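Letter by letter, the chains look like this.
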Amino acid sequence: MWKVMCDFDGTIVPFDVTDRLLDRFADPAWQFVEEAWKHGRISARRCMTLQVSMIRARQEELDDFLDTIDIDPSFAAFVTDCRQAGAPLAVVSDGLDYVIDRILRRHRIEGLQVFANQLVAGGDGTYRMEAPFAAEACPAASGVCKCQRAGSIGGEGCRTLLVGDGRSDFCLGAAADLVFARGELLARARERGWAAVQVTDFAAARREFARLTGRMADVA
Ligand SMILES: [Mg+2]
Ligand SMILES: [Zn+2]
């Protein structure tokens with residue numbers, strides 16, 4: 001039996017929604033904060049916390065923007081495949097819960113467990129971030145520790161499949177039984193010798209998952 005941990009930015013949405021959101025609504029200095037994180041001067045969690053505090057937007061503006069974001073056209077079918085295979089699936093993201101919930105709901109994807117940072121509205125166009133899923137012990141120092149979250153879903157003896165693309169996936173990539181990867185995650189997986197399959201979108205993820213679970217007929 002498999003359980004599936006699925007990244008959001010760059011995976012369910014083919015680009016980074018958080019970056020687009022900051023581009024649109026945050027003080028341009030968010031890019032300097034990003035650079036500080038990329039060079040290892042601040043943690044991923046600190047980076048996101050600072051960036052979220054730089055957003056200025058009315059909630060309606062935020063919503064209008066989020067309602068322009070499309071997800072991978074095969075993600076809904078992948079969710080169905082997982083349900084039919086009896087494999088629990090959770091979205092694990094170092095992005096923002098409000099963003100993910102709204103985008104998934106608009107695409108009629110319901111009932112998924114989502115682990116992400118909390119976006120808290122100040123009511124005056126300002127926001128702050130809470131990180132209820134951070135783990136001090138995790139070397140990734142992300143807002144959401146994906147390796148620890150993996151322990152909270154699925155039953156005993158469940159194998160872990162990670163679908164992802166970036167640095168926030170590294171801590172779980174090292175612990176997962178198999179990785180469906182693209183981008184920086186694929187490079188890291190190859191470098192470290194993790195069991196990984198290159199998967200560039202959810203059409204490909206569906207084929208590979210069917211192969212894994214012996215349900216080829218579902219996607220044929
Ligand atoms: Mg990502
Ligand atoms: Zn971790």
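What this report covers is the structure whose coordinates are included nearby. Predicted model only: the values in this text are computed from it and were never measured. (Residues numbered from 1 in each chain as written. Chains lettered and ligands numbered in written order. Predicted model: local features only at pLDDT ≥ 70, side-chain atom pairs only at ≥ 80, totals over all residues.)

### A few points about the nonpolar core
In terms of nonpolar packing, the biggest core is built from 58 residues, with Cys-6, Ile-100, Val-163, Val-179 and Ala-181 touching the most fellow members. Ignoring sequence-local partners within four residues, the contact set of Val-163 consists of Val-4, Cys-6, Asp-7, Thr-11, Phe-180, Val-199 and Ala-205. (Core = buried A, V, L, I, M, F, W, Y, C linked by C-beta atoms within 7 Å. Buried ≥ 20, exposed ≤ 12 C-beta atoms within 10 Å, placed from the backbone. Contact = placed C-beta atoms within 7 Å.)

### Thoughts on the environment of Asp-169
One can find Asp-169 in the loop between strand 5 (159-164) and helix 8 (170-173). Residues Asp-169 and Val-199, 30 residues apart in the sequence, show an inter-C-alpha distance of 15 Å. Non-local contacts of Asp-169, meaning those with residues more than four positions away in its chain, are made with Asp-7, Lys-146, Leu-162, Gly-164 and Leu-185. (Helix = DSSP H or I, 4+ residues; strand = E, 2+ residues; numbered from the N terminus.)

### Focus on helix 1 (residues 17-25)
Given 3.6 residues per helical turn, the α-helix brings residues three or four places apart onto the same face. Buried within helix 1 we find Val-17, Thr-18, Leu-21 and Leu-22. With its buried residues spanning 135 degrees around the axis, helix 1 presents them on a single face. Turned more than 90 degrees from where helix 1 packs its buried face, Asp-23 and Arg-24 sit exposed. Summarising the contacts, the buried residues of helix 1 are in contact with helix 2 (30-38), helix 3 (44-53), helix 4 (59-66), strand 2 (89-96) and helix 6 (97-106). (Arc of directions from axis to C-beta.)

### Brief notes about the pairing of strand 2
Regular strands place their side chains on alternate faces of the sheet. Along strand 2, 7 of the 8 residues are buried, which leaves the element largely enclosed by surrounding structure. Bridge count for strand 2 against strand 3 (residues 113-121) is 4 bridges, and the pairing is parallel. If you follow Leu-96 over to strand 3, its bridge partner there is Asn-117. As a crossover connection, the stretch from strand 2 through helix 6 into strand 3 is right-handed. (Pairing = 2+ DSSP bridges. Right-handed = clockwise from strand over helix to strand, strands pointing away.)

### A short note on the sheet that holds strand 3
Strand order in the open sheet made by the 7 strands is 4-3-2-1-5-6-7, with mixed pairing throughout. Bordering the open sheet on either side are strand 4 (127-130) and strand 7 (196-198), each of which pairs with just one other strand. The sheet shows a mean angle of 25 degrees between the axes of neighbouring strands, direction not considered. (Axes fitted to C-alpha atoms, helices over the stretch in contact; angles between N-to-C directions.)

### A short note on the environment of Ala-181
Its place among the elements puts Ala-181 in strand 6 (residues 178-181). What makes Ala-181 buried here is the crowd of 28 C-beta atoms within 10 Å. Sequence separation between Ala-181 and Ala-85 is 96 residues; the distance between their C-alpha atoms is 21 Å. Ignoring any residue separated from it by four or fewer positions in sequence, one finds Ala-181 in contact with Gly-164, Asp-165, Leu-186, Ala-189, Ala-196, Gln-198 and Val-199.

### Quick look at unusual backbone geometry
At Arg-108, a position not held by glycine, the phi torsion is positive, near 60 degrees. As for its placement among the helices and strands, Arg-108 is situated in the loop between helix 6 and strand 3. On the basis of neighbour counts, which here come to 7 C-beta atoms within 10 Å, the residue Arg-108 falls in the exposed class.

### As for the packing of helix 5 (residues 75-84) against helix 10 (residues 202-213)
Two quantities define a packed helix pair, namely the angle between the axes and the distance from one axis to the other. At a minimum axis distance of 8 Å, the contact between helix 5 and helix 10 shows a crossing angle of 15 degrees. Regarding the angle of helix 5 to helix 10, the classification is roughly parallel. Handedness of the helix 5/helix 10 crossing: left-handed. Along its contact with helix 5, which presents Phe-75, Ala-77, Phe-78 and Asp-81, the element helix 10 presents Phe-202, Ala-205, Arg-206, Phe-209 and Ala-210. For the contact of helix 5 with helix 10, a count of residues per class yields 7 nonpolar, no polar and 2 charged. (Parallel < 35°, antiparallel > 145°, perpendicular 65-115°, else oblique. Left-handed = near helix turned anticlockwise from the far one by under 90°. Nonpolar A, V, L, I, M, F, W, Y, C, P; charged D, E, K, R; others polar.)

### Points about the pairing of strand 3
Pairing between strand 3 and strand 4: 4 bridges, direction antiparallel. By the bridge assignment for strand 4, Ala-121 is matched with Tyr-127. Hairpin connection from strand 3 to strand 4: 5 residues lie between these consecutive antiparallel strands, with Gly-123 at a positive phi of about 90 degrees.

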